Amino acid sequence: SQKIEQNSEALNIQEGKTATLTCNYTNYSPAYLQWYRQDPGRGPVFLLLIRENEKEKRKERLKVTFDTTLKQSLFHITASQPADSATYLCALDGTNAGKSTFGDGTTLTVKP
Amino acid sequence: DAGVIQSPRHEVTEMGQEVTLRCKPISGHDYLFWYRQTMMRGLELLIYFNNNVPIDDSGMPEDRFSAKMPNASFSTLKIQPSEPRDSAVYFCASSLSRGAGNTIYFGEGSWLTVV
C-alpha cells in the first residue's frame, strides 16, 4: 500500500543551524511533491512545490530536493530561527486531479 | 482574498447530535477538499469536489458522514449522529487546477469535540 514517512521524531536544533527534514514514500509515483508548514491551532500553509523532473527548488532560506530513485524528498531550512518552529508536512500528488496525500509531519523546534 | 472560510471554529456537542460544518472556498477555485486531522491518524482526506461534483469520497469514514457542495462558493460536511471518536479538527481547503501542481489553501479548521 502507499505510504509516506516523515522524520519519526521531533527535530530540535539550535538557532542558526540548518534543519533537514525527510519525506520518504513507497508504492507511489508522485508527479509533484509539496511542503507545508502548520502552526498550532492553524491550517497548513503551502511553502514549496517540486516536480518529478526537478532535482532541487529554492525559496529564500528554504531548499527542497526530490530524488525519485530514492523515493525521498529533503527539506532544508538554513540559518534557522525560533520563528521557524512549527510542524512541516510533505504532500504527494500523483496526477493533476488535485488529490494530495499528506505525511504525518515533523515538528521542528529551533532553540535560541 | 479572505482565504478559505470555515465555521464554526469550535464546536462542542453531545454524542448523537447532528453536526454541520461549513466552508466557503477561495473565489475561482474549482477544487474543494475536506480533511480531518487527529494525533493518531494525521491529516486524512475525506472527500473532494471538482466544479461542485464529488469526485472521491473514499475517505469518508462511514455513512454517518455526508458532504455537499450546492454551489461554487459553499460546502457542508455533516455528521449524523456524532460520536466521541469523531472529535478532531476538520479542515476545508480549495485549489485551482492549472496543470502545474495543485497548491492547496487551507482554512483555519473547525475544532469538533463530541462528548
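In this text, all values refer to a predicted model and were calculated from it rather than measured experimentally.

Asks: An account of the overall build of chain B is needed here, citing residue identities and associated values.
Replies: For chain B, the count of helices and strands is 0 helices and 11 strands. Listed N to C, the secondary structure of chain B is β-β-β-β-β-β-β-β-β-β-β in terms of helices and strands. Relative to a compact globule of 115 residues, whose C-alpha radius of gyration would be 13 Å, chain B shows 13 Å and is just as compact. Overall size of chain B, expressed as C-alpha extent along the three principal axes, is 40 × 30 × 30 Å. Expressed as a percentage of its 115 residues, the buried residues of chain B come to 50%. Counting contacts in chain B only where the partners sit at least 6 residues apart, residues at least 24 apart contribute 54% of the total. Of the roughly 5600 Å² of accessible surface on chain B, 51% is carried by carbon and sulfur atoms. If you average the places of the 10 positive and of the 13 negative side-chain charges in chain B, the two averages end up 3 Å apart.

Asks: Can you explain the state of the cysteines? Please cite residues and give values.
Replies: All names here are of chain B. Summed over the entire model, instances satisfying the criterion amount to 2 disulfides over all chains. Put simply, Cys23 and Cys92 are joined by a disulfide, and their sulfur atoms are 1.9 Å apart. Because the sign of the S-S torsion sets the handedness, a value of about -70° for the bond joining Cys23 and Cys92 places this disulfide among the left-handed ones. Linking Cys23 in strand β3 (residues 19-24) with Cys92 in strand β9 (residues 88-95), this pair joins segments that are 69 residues apart in sequence. Of the two residues, Cys23 and Cys92, both sit in the buried class.

Asks: Outline the nonpolar core, listing residues and values.
Replies: As a rule of thumb, soluble globular proteins bury nonpolar side chains together. All names here are of chain A. Of all hydrophobic cores here, the largest spans 24 residues; its most connected members are Leu33, Trp35, Phe75, Tyr88, Leu92 and Leu108. Counting residues per element, the ones that place at least two in this core are β2 (11-14), β3 (19-26), β4 (32-38), β5 (45-51), β7 (62-67), β8 (72-77), β9 (86-93) and β11 (106-111). Residues in contact with Leu92, not counting those within four places in the same chain, are Ile4, Cys23, Tyr25, Tyr28, Pro30, Tyr32, Leu33, Lys99, Ser100 and Thr101.

Asks: Residues and numbers for the pairing of β3(B), please.
Replies: All names here are of chain B. In terms of strand pairing, strand β1 (residues 5-7) meets β3 through 3 bridges, oriented antiparallel. Across the sheet, Gln6 pairs through a bridge with Cys23, a residue of β3. Where β3 and strand β8 (residues 74-79) come together, 5 bridges link them in antiparallel fashion. Each residue of the ladder has a partner; that of Val19, found in β8, is Ile79.

Asks: Could you give an account of the sheet that holds β8(A), with specific residues and numbers?
Replies: Residue and element names in this part refer to chain A. Spatial strand order, β1-β3-β8-β7-β6: 5 strands in an open sheet with antiparallel pairing. If you trace the sheet from one side to the other, it starts and ends with β1 (3-6) and β6 (56-59), each paired once. Averaged over all pairs of adjacent strands, the angle between their axes in this sheet comes to 15°, without regard to strand direction. By the bridge criterion, 6 bridges tie β7 to β8 in an arrangement that is antiparallel. Paired with Asp67 across the strands is Gln72, a residue of β8.

Asks: Residues and numbers for the interface of chain A and chain B, please.
Replies: Each side of the interface is counted separately: chain A has 21 residues, and chain B has 23 residues. Summed over both partners, the interface of chain A with chain B buries about 1700 Å², with 48% contributed by carbon and sulfur atoms. At the boundary of chain A with chain B, the tally comes to 1 salt bridge. Linking A:Arg42 and B:Glu108 is a salt bridge whose minimum nitrogen-to-oxygen distance equals 2.5 Å. Viewed at the interface, chain B and chain A are joined by 5 residue pairs in polar contact (both at pLDDT 80 or more).

Asks: Outline the pairing of β3(A), listing residues and values.
Replies: It is a general feature of regular strands that their side chains alternate between the two faces of the sheet. Residue and element names in this part refer to chain A. Relative to β3, β1 runs antiparallel, the two sharing 4 bridges. Note on β3: the bridge partner recorded for Glu5 is Asn24. In the sheet, β3 pairs with β8 via 6 bridges, with the strands oriented antiparallel. Looking at the pairing, Ala19 lines up with Ile77 of β8.

Asks: Quick rundown of the sheet that holds β3(B)? Include the residues and the values.
Replies: Residue and element names in this part refer to chain B. Read from one edge of the open sheet, 4 strands run β1-β3-β8-β7, paired in antiparallel fashion. The open sheet terminates on both sides in strands that have one partner only, identified here as β1 and β7 (65-71). With direction set aside, neighbouring strand axes in the sheet form an average angle of 15°.

Quick notes on the rules
Throughout, a residue's number is its position along its own chain's written sequence, starting from 1. Whichever chain is written first becomes A and whichever ligand is written first becomes 1, with later ones labelled in order. For a predicted model such as this one, the threshold for reporting local features is a pLDDT of at least 70, and the threshold for listing and counting side-chain atom pairs is 80 or more; totals across whole chains, interfaces and linings nevertheless cover every residue. As a rule here, side-chain values come from all non-hydrogen atoms in the structure, and water together with hydrogens is ignored. Strands are runs of DSSP state E lasting at least 2 residues, helices are runs of H or I lasting at least 4, and numbering of each runs from the N terminus. Only C-alpha atoms enter the radius of gyration; for comparison, a globular chain is expected to reach 2.2 Å times N to the power 0.38, where N is the number of residues. Burial here depends on accessible area, computed with a 1.4 Å probe over protein chains only, as a share of the maximum for the residue type. Under 20% is buried, over 50% is exposed, and the range in between is partly exposed. Contacts are assigned to residue pairs with any non-hydrogen atoms lying within 4.5 Å of each other. All accessibility values rest on the Shrake-Rupley procedure with a 1.4 Å probe; residue burial counts only the protein chains present in the view. The charged-residue count follows a simple rule in which Lys and Arg add positive charge and Asp and Glu add negative charge, with His and chain termini not counted at all. In plain terms, the charge of a residue is placed at NZ if it is Lys, CZ if Arg, CG if Asp and CD if Glu. Disulfides are defined in this document as cysteine sulfur pairs within 2.5 Å. The term nonpolar core refers to a set of buried residues drawn from Ala, Val, Leu, Ile, Met, Phe, Trp, Tyr and Cys, joined through side-chain atoms within 4.5 Å. Here, strands pair whenever DSSP counts at least two bridges between them. The angle between two axes is taken between their N-to-C directions and runs from 0 to 180 degrees, where each axis is a line fitted to C-alpha atoms and a helix contributes only its stretch in contact. When two parts are brought into contact, each loses some accessible area as probed by a 1.4 Å sphere; the total of that loss over both is the buried area. Any Lys or Arg side-chain nitrogen located within 4 Å of an Asp or Glu carboxyl oxygen qualifies as a salt bridge. In the analysis that follows, any N or O atom pair within 3.5 Å is treated as a polar contact, provided that within protein one partner can donate a hydrogen and the other can accept it, and provided that, for residues neighboring in sequence, both atoms belong to side chains.

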